[in-house]
Amino acid sequence: DLDPALPIEDQLNLLPGGVQVTLRAKSVDQATGEEKIVSNRITWSYTNGCDEVPLNEGMGIGWTTIGDLTPASAAFCPAAVIPTDAPTTAAPTPAPVEMCSF
């Protein structure tokens, strides 16, 4: 298991460098009603750099659309932005000042 107390550079042997996913689905030809099993094999590699994202939400690969990505762990990438469900409010903008003209 990765240890947040150790630098990630000392644990590179525990990190994968890529992912391969094979998706299978049933496809039905609308004209003939014939059913077929289709496969979509997706493979990508990554560097494990906190500032490098190999995929983006909405990206399409074959008939697959990437969605619901989880950000990097703050324990290993302190600069990673962790989204929250709580809305934030910006400070109010001061009222404009009237300018006098001479």
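In the block above lies the structure referred to throughout.
Criteria and thresholds
Residues numbered from 1 in each chain as written. Predicted model: local features only at pLDDT ≥ 70, side-chain atom pairs only at ≥ 80, totals over all residues. Heavy atoms only, no water. Helix = DSSP H or I, 4+ residues; strand = E, 2+ residues; numbered from the N terminus. Buried < 20%, exposed > 50% of the residue type's maximum accessible area, 1.4 Å probe, protein only. Contact = heavy atoms within 4.5 Å. Pairing = 2+ DSSP bridges.

**Observations regarding the overall build of the protein chain**
Then comes step 1: For the protein chain, the helix and strand inventory stands at zero helices and four strands.
Then comes step 2: Each helix and strand of the protein chain, placed in order from N terminus to C terminus, yields the pattern β-β-β-β.
Then comes step 3: Sorting the 102 residues of the protein chain into buried and exposed places 8% on the buried side.
Then comes step 4: Residue pairs in contact within the protein chain that sit at least 24 positions apart in sequence constitute 28% of those at least 6 positions apart.

**Concerning the pairing of strand β2 (residues 35-45)**
Then comes step 1: As defined by bridge partners, strand β1 (residues 18-28) adjoins β2 across 11 bridges and the pair is classed as antiparallel. Bridge pairing in β2 places L23 opposite N40.
Then comes step 2: Turn length for the β1-β2 hairpin, with the two strands adjacent in sequence and antiparallel, is six residues, and the turn residue G33 shows positive phi of about 80°.

**Let's talk about the environment of T65**
Then comes step 1: Position of T65 relative to the elements: it lies in strand β4 (residues 64-65).
Then comes step 2: If we ignore the near neighbours within four places in the chain, the residues touching T65 are G58, M59 and G60.

**Comments concerning unusual backbone geometry**
Then comes step 1: Phi is positive for D68, which is not a glycine, with a value near 55°.
Then comes step 2: By the secondary structure assignment, D68 is in the segment after β4.
Then comes step 3: On the basis of relative accessibility, which here comes to 71%, the residue D68 falls in the exposed class.

Function cannot be read off these values alone, since they describe shape.
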